[in-house]
Amino acid sequence: AALGLVAGPARADALVPNTWDEITSYNNFYEFGTGKDDPRNKAGRLTTDPWAVEIGGLVDRPGSYDLADILKGVSLEERIYRLRCVEAWSMVVPWVGFELADLLNRVGVQPSARYVAFQTLHRPAEMPGQRSAIIDWPYVEGLRLDEAMHPLTIMATGLYGRDLPNQNGAPIRLVVPWKYGFKSIKSVVRITLTADEPPTSWNLYAPREYGFYANVNPDVDHPRWSQATERRIGGGLFAPRQPTLMFNGYADEVAGLYAGMDLARFY
Amino acid sequence: MGLAGRINGALRRIPVWPVYVLGLAPVPWLFWLAATGGLGVEPISALQQRLGLAGLQVLVAGFAVTPLRRLTGVNLMRFRRALGLVGFGYILVHVLVWLLLDLQSWALVRADILKRPYITVGMAAFLLLVPLALTSADRALRWLGPVRWRRLHRLVYFALPLGAVHFVMQAKGWQIEPFAYLAAIMLLLALRMRLIRARVAT
């Protein structure tokens, strides 16, 4: 794919990226604390080099893949995506990354695989939030295989053409733009292909509030707040909320993945 | 005359009005910070959180005045009304920011109050505080008579725990801070209940 191209070109005009400062100062990354500025203030000590990703499960070539080796086999490109947090705020982020499908094809997905499980680094010495039991550590997430193979799903290693800052999930993270942000797991150390739906952290914490799918959907409210509207970061004190788009604006590309599914049940 | 007596002697020389002035001075300061980027890139949420937490803190301080006097003899009774009104002031602005800056729509307000349990609880806590603020003047105390006034002002026994529950309910994950406030309020409430029972018994 060409550099700088955006999925869903009809909406490209609305996708003005947030500033570097906005994207790197307002983060949910509970491994460093629950405050929005904790990740920026406390992620500096995280060692991201060397970094390896353990790829295993139902794959032909399991193993520990050094990040540099992973990056040798892929073409990095910019993807300007909306990011919609389950807390009803949103940003637009110019990620740099590659399609997860490229990596999965390289390691060879076996026919019996139906899901992909991901795991974040667990290193309390460098991740102070992990010293409190805010949720069960390590953070885990998962996708259905067709979601993982979708061309919109990327592994990001940078933003604004620079290396990913630690607070944004360095050195490598998942980005699934049509799902609430918590699905886009950060600082990934393990990818496992499985036959069964893998456990996911927020679903384990509160299954009624956070489903496995977590597709952005203005019609299915979170039990504690409405998902119909969102606040765009950077609007200042007087900006009105804006309506939330089905599948975060990527319905044309991904609605087909969920044909026939009751999205209120599989939330 | 022990330490408490000496502290009370010093306290008697302090006028009450600075509690209002210093107590509420952070409100315009917070709005200034919010408007100039000092509260980060999402100033509306930050404002709501800061105002709500400050209101809760000041109200807890006011709620601690009686137990503090019973347990240590230190008497802050002169400042209690000011603490209550300052705390209410923060909560009022907290609610107004939610109404006027965050939601900006009556339809959203209605839906939020009816459908979101933590908003329902928070709104109930706020509404319970309103009659207390309205009857805070000496004239209202005379008009109601001390017995009825005191009974009315026991609404704070419900408002404060509800406020803390609202704080607990809006958090994601097991965060310690909101639970700490709820625990402190329940402890103060238990102390208060014991004092009332002791008074009834004698």
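- Within an unreviewed UniProt entry, the label attached to chain B reads Protein-methionine-sulfoxide reductase heme-binding subunit MsrQ, and the organism entered is Rhodovulum strictum.
- According to the UniProt record, the Subunit (unreviewed entry) comment for chain B reads "Heterodimer of a catalytic subunit (MsrP) and a heme-binding subunit (MsrQ)."
- Recorded under Sequence similarities (unreviewed entry), the UniProt text for chain B is reproduced unchanged: "Belongs to the MsrQ family."

1. Observations concerning the overall build of chain A
So, point 1. Each helix and strand counted, chain A has seven helices and 12 strands in total.
So, point 2. When the backbone C-alpha atoms are referred to their principal axes, chain A occupies close to 50 × 45 × 40 Å.
So, point 3. Going through the 267 residues of chain A one by one, you find that 58% of them count as buried.
So, point 4. Across chain A, every contact between residues at least 6 apart in sequence was considered, and the portion connecting residues at least 24 apart equals 70%.
So, point 5. Split by element, the accessible area of chain A, about 10600 Å² in all, is 53% carbon and sulfur.

2. A closer look at the packing of helix H5 (residues 65-72) of chain B against helix H6 (residues 77-103) of chain B
All names here are of chain B.
So, point 1. Relative orientation of the contacting elements H5 and H6 amounts to 160°, with a least axis distance of 10 Å. In this view, H5 runs roughly antiparallel relative to H6, as classed from their interaxial angle. Of the two elements, H5 crosses H6, and the hand of that crossing is right-handed. Contact residues: Val 65, Thr 66 and Arg 69 in H5; Met 77, Arg 80 and Leu 83 in H6.
So, point 2. Taken together, the residues of the contact of H5 with H6 break down into three nonpolar, one polar and two charged.

3. Notes on the side chain of Thr 194 of chain A
So, point 1. Residue placement: Thr 194 of chain A occurs in strand E10 (residues 188-194).
So, point 2. The exposure class assigned to Thr 194 of chain A is buried, which follows from its relative accessible area of 18%.

4. Here's the deal with the packing of H6 of chain B against helix H8 (residues 117-134) of chain B
Residues and elements named next belong to chain B.
So, point 1. Relative orientation of the contacting elements H6 and H8 amounts to 135°, with a least axis distance of 10 Å. Here H6 is positioned oblique relative to H8, judged by the angle of their axes. Crossing angle aside, the handedness with which H6 passes H8 is left-handed. On the side of H6, the interface is formed by Leu 85, Phe 88, Ile 91, Leu 92, Val 95 and Trp 98, while H8 contributes Ile 119, Met 123, Phe 126, Leu 129, Val 130 and Ala 133.
So, point 2. For the contact of H6 with H8, the per-class residue count stands at 12 nonpolar, no polar and no charged.

5. Overview of the UniProt feature "transmembrane region" (unreviewed entry) in chain B
All names here are of chain B.
So, point 1. Sites flagged by UniProt as "transmembrane region" (unreviewed entry) map to residues 20-39, 51-70, 82-101, 113-134, 155-173 and 179-196.
So, point 2. Counted over residues 51-70, helix gives 95% and strand 0%. Its end C-alpha atoms are 30 Å apart.
So, point 3. Secondary structure within residues 155-173 divides into 79% helix and 0% strand; the distance between the first and last C-alpha atoms comes to 30 Å.

6. Focus: the packing of aromatic side chains
So, point 1. All chains considered together, the criterion is met by 18 aromatic pairs over all chains.
So, point 2. Pairing Tyr 30 of chain A with Trp 202 of chain A gives two aromatic rings, centres 5.7 Å apart and planes at 75°, and the pair type is edge-to-face. Of this pair, Tyr 30 of chain A sits in the loop between helix H1 (20-25) and helix H2 (38-42) while Trp 202 of chain A sits in helix H6 (residues 201-205), and the two are 172 residues apart along the sequence. Residues Tyr 30 of chain A and Trp 202 of chain A agree in their burial class; the two are buried.
So, point 3. For the ring pair Tyr 205 of chain A and Trp 174 of chain B, a centre distance of 5.6 Å and an interplane angle of 80° mean the geometry is edge-to-face. Of this pair, Tyr 205 of chain A sits in helix H6 while Trp 174 of chain B sits in the loop between helix H11 (156-170) and helix H12 (176-201), placing the two residues on different chains.
So, point 4. For Tyr 205 of chain A, a relative accessible area of 22% puts it in the partly exposed group.
So, point 5. One aromatic cluster is present, formed by Tyr 30, Phe 182, Trp 202, Tyr 205 and Tyr 210 of chain A together with Trp 174 and Phe 179 of chain B through successive ring pairs.
So, point 6. Over the face of the ring belonging to Phe 29 of chain A we find Lys 186 of chain A, whose NZ or CZ atom lies 5.0 Å from the ring centre.

Basis of the calculations
- Residues numbered from 1 in each chain as written.
- Chains lettered and ligands numbered in written order.
- Predicted model: local features only at pLDDT ≥ 70, side-chain atom pairs only at ≥ 80, totals over all residues.
- Heavy atoms only, no water.
- UniProt positions renumbered as here; feature names shortened; annotations may be inferred.
- Helix = DSSP H or I, 4+ residues; strand = E, 2+ residues; numbered from the N terminus.
- Buried < 20%, exposed > 50% of the residue type's maximum accessible area, 1.4 Å probe, protein only.
- Contact = heavy atoms within 4.5 Å.
- Areas by Shrake-Rupley, 256 points an atom, 1.4 Å probe, with all protein chains shown as cover.
- Axes fitted to C-alpha atoms, helices over the stretch in contact; angles between N-to-C directions.
- Parallel < 35°, antiparallel > 145°, perpendicular 65-115°, else oblique.
- Left-handed = near helix turned anticlockwise from the far one by under 90°.
- Nonpolar A, V, L, I, M, F, W, Y, C, P; charged D, E, K, R; others polar.
- Phe/Tyr/Trp six-rings, centres within 6.5 Å; stacked < 30°, edge-to-face > 60°.
- Lys NZ or Arg CZ within 6 Å of the ring centre and 35° of its normal.

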